[in-house]
Amino acid sequence: MSSTLQRLLSHITFGVMYPSLNLYESMNIPVISTTRPLQFYRKTLFNNLPEETLAKELQAQTIIDIGCGLTPFIEDSMYQWCQRQGIDFYAVDPKVKNGFKFGTFDRIKSYATGAKTTPNPNIGGLDKTIASYANDLPLENQSVDIVISCWLIFSWLRSDAILKEVFKEFDRVLKPGGSIRIFPTPDLEQLNRKFPGLATQLESDGYEIKQKFFMTGNLASVPPSFATFFVKPTDITIPGEQ
Ligand SMILES: C[S@@+](CC[C@H](N)C(=O)[O-])C[C@H]1O[C@@H](n2cnc3c(N)ncnc32)[C@H](O)[C@@H]1O
């Protein structure tokens, strides 16, 4: 598919999504919390690596999932898979500790996103869940290799000022050479136009930006849109030093 058609399809996706989210928020309804399986994260954010290869690649890395929603509560999530593999994976969501209440709607949402299991309030291994907001992470400077986020940044969070703050926080916790991986996102041209402050900040911080287009049969979970990879430079100048 040509890149022009990819951009057009992604424009349509966000052209429908943004007014719907604006309407939803104007009714003061809180952000819907969803869950997505490992397979979704693997395909969109980890180059569709086979599980065994991915486990080896992530073994010595620290990963955080921002706005994880109900994800830690399903067996086939990346969160639970990483806990079983001994991979240092944290899941951040302001609601995660004060008890999501699981009902029929949560089970439907889980299956709708392609998960094979549904949220279990008594699931184990939740000690790497963190109740925080994306712009205030209780993590050390330069302690994280990969920040991932699905269906929050550029969808639910879409004010240029807030995104600047959130990306500053990601930059603080990321190691040099680390990456921020987000799905879904608009194409780069639209990102730069809609979020000019963020674009300037990322450019001055020296981030390299790459995109990959996705389109699948599951429009609710993977609508035509891009995954965006923001790579932090390795050669960071410390202020006052040459
Ligand atoms: C639509 S869900 C996405 C959940 C999961 N990542 C997925 O793809 O299914 C968005 C989640 O982001 C959380 N959230 C909202 N504002 C946030 C913020 N400022 N920082 C971190 N998480 C936030 C919400 O509580 C919600 O659970």
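In this text the structure is predicted, and so the values were computed from the model without any measurement. (Residues numbered from 1 in each chain as written. Predicted model: local features only at pLDDT ≥ 70, side-chain atom pairs only at ≥ 80, totals over all residues. Heavy atoms only, no water.)

Visitor: For this particular structure, what's the right way to read the overall build of the protein?
Guide: Summing up its helical and strand segments, the protein has 8 helices and 7 strands in all. Whereas a compact globule of 242 residues would reach a radius of gyration of roughly 18 Å, the protein reaches 17 Å, a difference of no more than 12%. The principal-axis extent of the C-alpha atoms belonging to the protein is close to 55 × 40 × 35 Å. A burial count over the protein gives 48% of its 242 residues as buried. Considering only contacts within the protein whose residues lie at least 6 apart along the sequence, 81% involve residues at least 24 apart. Counting every atom, the protein has about 11,700 Å² of accessible surface; 55% of that belongs to carbon and sulfur. (Helix = DSSP H or I, 4+ residues; strand = E, 2+ residues; numbered from the N terminus. Rg over C-alpha atoms; globule rule 2.2 N^0.38 Å. Buried < 20%, exposed > 50% of the residue type's maximum accessible area, 1.4 Å probe, protein only. Contact = heavy atoms within 4.5 Å. Areas by Shrake-Rupley, 256 points an atom, 1.4 Å probe, with all protein chains shown as cover.)

Visitor: Hey, could you run me through the nonpolar core in this one?
Guide: Most often, soluble globular proteins have nonpolar side chains that are buried together. By size, the foremost hydrophobic cluster in this structure holds 64 residues, and its most contacted members are Met78, Phe154, Phe167 and Phe170. Setting aside chain neighbours within four positions, we find phenylalanine 170 in contact with Ile66, Ala134, Leu137, Val147, Ile153 and Ile180. (Core = buried A, V, L, I, M, F, W, Y, C linked by side-chain atoms within 4.5 Å.)

Visitor: I would appreciate a short explanation of helix α6 (residues 160-173) in the present structure.
Guide: Counting along an α-helix, one turn takes 3.6 residues, and residues three or four places apart therefore face a common direction. Here α6 contains 14 residues, and its C-alpha end-to-end distance of 20 Å stays within 8% of the 20 Å for a straight helix at 1.5 Å per residue. Turning to α6, its buried residues are Leu163, Val166, Phe167, Glu169, Phe170, Asp171 and Val173. In this fold, the buried residues of α6 make contact with β1 (62-66), β4 (144-150), β5 (174-185), α8 (196-204) and β7 (225-231). (Expected span 1.5 Å × (residues − 1).)

Visitor: Explain the site of the ligand to me, please; I cannot follow it from the model alone.
Guide: Close contacts around the ligand come from 21 residues, with Ser33, Thr34, Arg36, Gly67 and Asp93 the closest. Contact between the ligand and aspartate 93: an oxygen atom at 2.7 Å from a side-chain N or O atom of the residue. Here cysteine 150 contributes a backbone N or O atom positioned 3.0 Å from a nitrogen atom of the ligand. Across the shell around the ligand, the residue classes break down as 12 nonpolar, 6 polar and 3 charged. (Near = heavy atom within 4 Å. Polar contact = N/O pair within 3.5 Å; in protein donor to acceptor, adjacent residues only side chain to side chain. Nonpolar A, V, L, I, M, F, W, Y, C, P; charged D, E, K, R; others polar.)

Visitor: How should the environment of threonine 228 be read in this particular structure?
Guide: Counting through the fold element by element, threonine 228 comes out in strand β7. Its relative accessible area of 0% is what places threonine 228 among the buried residues. Separated by 48 residues in the primary sequence, threonine 228 and isoleucine 180 place their C-alpha atoms 8.0 Å from one another. Dropping the residues within four chain positions of it, threonine 228 is found in contact with Ile180, Arg181, Ile182, Thr185, Pro186, Leu191, Ile209, Lys210 and Gln211. In terms of polar contacts, threonine 228 uses its side chain to reach the side chain of glutamine 211, at 2.6 Å.

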